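Residue strings, one per chain:
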Amino acid sequence: MITDVTAPLLGPSGAAAVFGPQKGVVPSRIAAHEARLARLAALLPSVDADAPGAGAAGGAGFGLMAWGARLVPGSSAVAAALGMTARVSSADLVLTGEGRFDSQTAAGKVPAHLLSLARAHGARALLVAGAIEAPTTGFDGAVSLTELAGSPAAAMASTLPLLREAGARLAREVSVSAGGARLRS
């Protein structure tokens, strides 16, 4: 199974605590969901509930491991399939995006992987996200569609024009010279 998260099944960085609220679980119900996942883990003691990715997709990673699946980091698997290392090695600038750039992004999601590739090959990295809820440290520029629009609802209602605006803003910040991509001061 390819997964873009390293969350374990249980605990403060597990499926219920981290992903429950993202999927609409109200805070008062997180403990109940955690208890159900703990019960599942107790029924399958041969499966490692602490394995990176066991908490992916609400615990689907754990369930698939019970059937013999092996979890692999999604961003690196997809990047390898697409030849991203070779592509980034010849790039001056890498543009990546995500719906919500948050504390989970650094745990194996595409923007973090592409940032790492960009840095390894001396390329600049830019980010466009629906919402930015964590520091964008390492990126040379970042734009939140929610901030551009003024609210999540407004961002979702006019995504394409906002993406164009985000691209235009980042383009104004970047000047491509003979020496490669350079950010204006």
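Here, every reference points to the structure presented above.
Description of the structure in this document. Bear in mind the structure is a predicted one, so any value in this text is a computation, not a measurement. (Residues numbered from 1 in each chain as written. Predicted model: local features only at pLDDT ≥ 70, side-chain atom pairs only at ≥ 80, totals over all residues. Heavy atoms only, no water.)

### As for the packing of aromatic side chains
Note on aromatic pairs: each is described by the distance of the centres and the angle between the planes. Counting across every chain of the model gives one aromatic pair. Consider the rings of F101 and F139, whose centres lie 5.8 Å apart with planes at 80°: the pair is edge-to-face. Within this pair, whereas F101 is found in strand β3 (residues 93–101), its partner F139 is found in the loop between β4 (124–132) and β5 (141–144), the two being separated by 38 residues in sequence. Here F101 matches F139 in class, with each residue buried. (Phe/Tyr/Trp six-rings, centres within 6.5 Å; stacked < 30°, edge-to-face > 60°. Helix = DSSP H or I, 4+ residues; strand = E, 2+ residues; numbered from the N terminus. Buried < 20%, exposed > 50% of the residue type's maximum accessible area, 1.4 Å probe, protein only.)

### Details of the nonpolar core
In terms of nonpolar packing, the biggest core is built from 15 residues, with M84, V94, F101 and F139 touching the most fellow members. The element contributing the most residues to this core is helix α6 (residues 110–120), with four residues. Ranked by size, the runner-up nonpolar core spans 14 residues in total, among them A16, A49, A54 and F62. (Core = buried A, V, L, I, M, F, W, Y, C linked by side-chain atoms within 4.5 Å.)

### Considering the sheet that holds β4
With parallel pairing, three strands are arranged side by side in an open sheet as β3-β4-β5. Two strands lie at the open edges of the sheet, namely β3 and β5, each paired on one side alone. Between one strand and the next, the sheet's axes are offset by a mean angle of 20°, whatever the strand orientation. Pairing of β4 with β5 involves four bridges; the strand directions are parallel. Counterpart to L127 in the pairing with β5 is A142. Packing of helix α9 (residues 159–173) onto the sheet brings it into contact with β3, β4 and β5, and relative to β5 it is tilted by some 160°. (Pairing = 2+ DSSP bridges. Axes fitted to C-alpha atoms, helices over the stretch in contact; angles between N-to-C directions. Contact = heavy atoms within 4.5 Å.)

Treat this as a map of the structure, not an account of what it does.
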